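Coordinate inspection notes
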Amino acid sequence: AMSQRPYACSREEAGLLALSVLDSRSAAEPRPSAPGVPSADLERPSAGLAGTQMEERSGRMSLGETLLSRPSLTETPRSNAVYAKMAILLPWLHFAIGITNNLQITSWREWLVHGADINPPNQALLGGVVSALPWNLKIFAAFLSDVVPICGKRRLPYLIMGFALQGAAWVSVGIVGDSISFPLLALQQFCTTMGQVLVGVMCDTLIVENVKYESGAQVGRLQTNCQLMFAAGGLLGTLLSGWLPQYAHISYTFMFVITGISKLVLLFLVVFLHDPTWKREGTIGESASATWGGVWESMSLIRVLKPLIFIFAFAMMPNNSDAFNTYLIQDHPICAWDTAANQCISMVTDDSGTPQYQAHCLSFASEYNCDRQWGGLGFSDSMFSYIGLLGSVGSVLGNFIFKAWLINAGWHIMFASTVVIACAFSAMQLFLMIRNEAGETLTEQWHLPNFAFALGDDVIMATAQQLLNMPILILMARLCPAGAEGTVYALVTSIQGVGGTVGGVFSKVATQSFEVTNVNFSRIWELTVLTSSAKMICLLLLPLVPRNITDNQDERKSPWSGLTICALFVGGLVYALYNIVASLLASTS
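Residues numbered from 1 in each chain as written. Predicted model: local features only at pLDDT ≥ 70, side-chain atom pairs only at ≥ 80, totals over all residues. Heavy atoms only, no water.

**What about the overall build of the chain?**
Within the chain, the regular secondary structure consists of 25 helices and four strands. Per-residue burial for the chain yields a buried fraction of 58% across its 589 residues. Only carbon and sulfur atoms are counted for the fraction: they give 66% of the accessible area of the chain, which is about 22,700 Å². (Helix = DSSP H or I, 4+ residues; strand = E, 2+ residues; numbered from the N terminus. Buried < 20%, exposed > 50% of the residue type's maximum accessible area, 1.4 Å probe, protein only. Areas by Shrake-Rupley, 256 points an atom, 1.4 Å probe, with all protein chains shown as cover.)

In structure tokens form, the structure reads like this:
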């Protein structure tokens, strides 16, 4: 919800990678039982070892463990040799996933602008709403794989479906290319992300199931190795996403085909993974009933509801990421006056060399107005990928600062100060947007390269945003009561995801209101002022957040708490779906 740039891995992934590395203790030292910071995408839920220890203390099986190891099913025992094989295969699988997840990132952004000609408002709809929607359903994907094995297997069949769905979706858009309609493009993005959700959830659970067999020097090694390899693959994939189109002259649409084929190739690695055979002893209804009872008990806690309201509100604030990314890569200038023809002509071409925006340029009858169509900053493919890399560096830096000095600080003061700092540095994007009569940005007038300023601004912004993100991640983990870690954490992250989806709708509306398009950036500075200051509204809700990391003793319950959480989740999803359907119908009319 807070991302402002393209990143090699998400804010949560980058931050949690650093936490997993920084929190790795000596080999023989056991991990603390207090919940850590789980990942949102490819990291395991918080039920792992901590959940097992809580289970032993309480004398009953935790709900998190229930979801990951169904009591109504019987698992075939596994040997140490199986764990040793998985400890090698899973990190390499994560490395390959990291590459393929980011291989098309630069081509996708460029193609939306220079190929499909999708304007920033619809880009916000695709990226912030359509693509975010499957992540809101992550808890249901996890539940389905837990209670409905396929041919006795709970993980590999769903993992295969995920890779196949991603591969087919990327190959299809690569083949259809620029002629694809917006509704079909939205369907392609939904299928792609749904496949990524299935892959992420299955990788999570495969790690959890194998972590239980670690002891002594092995404790924590598998998770750390998987996250390191995933981040390394993501960084490499981001570099390749910029290098291959620019230096190997591979078209953007063929990059999509390469991405899809690479996803399908991963199916050959899946056959070597171990997924124990399960035999059902109870019914799906019994398992579902027991699970829902535990979830509702946790949702009724007032201490769960109050921070969730803050998290939801914080996530739903609009951002300018799609408009700003379009501004970074759009050519400069867009139009120029042809003296010989005495008309305004386009200076932008697509992959095949065909002029774009010709009708837009021809609408200007005077040389003065034509030459003022400055467009964006014209960053190259490789430059755009470097911004993503440094954004990840900033995320890790912010995480390190939080872990080293701020984790035990008062959260109210830290949230307030970091929100103000993040908003101030976000406003620094204005230096790249305000131009003089000659079309020079403020940074160019100060004899500073736009690219260098964008890189520096990105690192600072990523650091500040990670300082905001980490307390929220820890807060979400600490909201999970003992005995309900896995499911409640999935529910809490789903609530945050729904808030982010609503934020995507707001971002689309804001971008559309300021009339920002692929060729018109005259009011992008107003959009940036709005989105930079929007999160400061959430400071009014800070009293709902615990004062510090240990402030979680309130055990009061109310059914209205659970109903409010359900309303946030269902209401946000319905609102997002309504906007998706309305936008798709508008695009076909």
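**Section: the side chain of Thr531**
Relative to the assigned elements, Thr531 resides in helix H24 (residues 524-534). Here the side chain of Thr531 touches Thr528 through a polar contact of 3.2 Å, landing on its backbone oxygen. (Polar contact = N/O pair within 3.5 Å; in protein donor to acceptor, adjacent residues only side chain to side chain.)

**Considering the packing of aromatic side chains**
Under the counting rule described, the total for this entry stands at 13 aromatic pairs. Ring geometry for Trp92 versus Phe95: centroids 5.7 Å apart, planes at 80°, classification edge-to-face. You can see Trp92 and its partner Phe95 sitting in helix H4 (residues 80-102), three residues apart, about one turn around the helix. By relative accessible area, Trp92 is classed as partly exposed at 48%. Residue class for Phe95 comes out partly exposed when judged on its relative accessible area of 21%. A centroid spacing of 5.7 Å and a plane angle of 35° characterise the contact between Trp108 and Trp111, whose relative ring orientation is tilted. (Phe/Tyr/Trp six-rings, centres within 6.5 Å; stacked < 30°, edge-to-face > 60°.)

**Thoughts on the pairing of strand S3 (residues 335-338)**
Pairing of S3 with strand S4 (residues 343-346) involves four bridges; the strand directions are antiparallel. Residue pairing for S4: Ala336 is matched across the bridge by Ile345. Counting the residues between successive antiparallel strands, the hairpin from S3 to S4 contains four residues, one of them, Asn342, with a positive phi of roughly 55°. (Pairing = 2+ DSSP bridges.)

These values are about where atoms sit, not about what they do.
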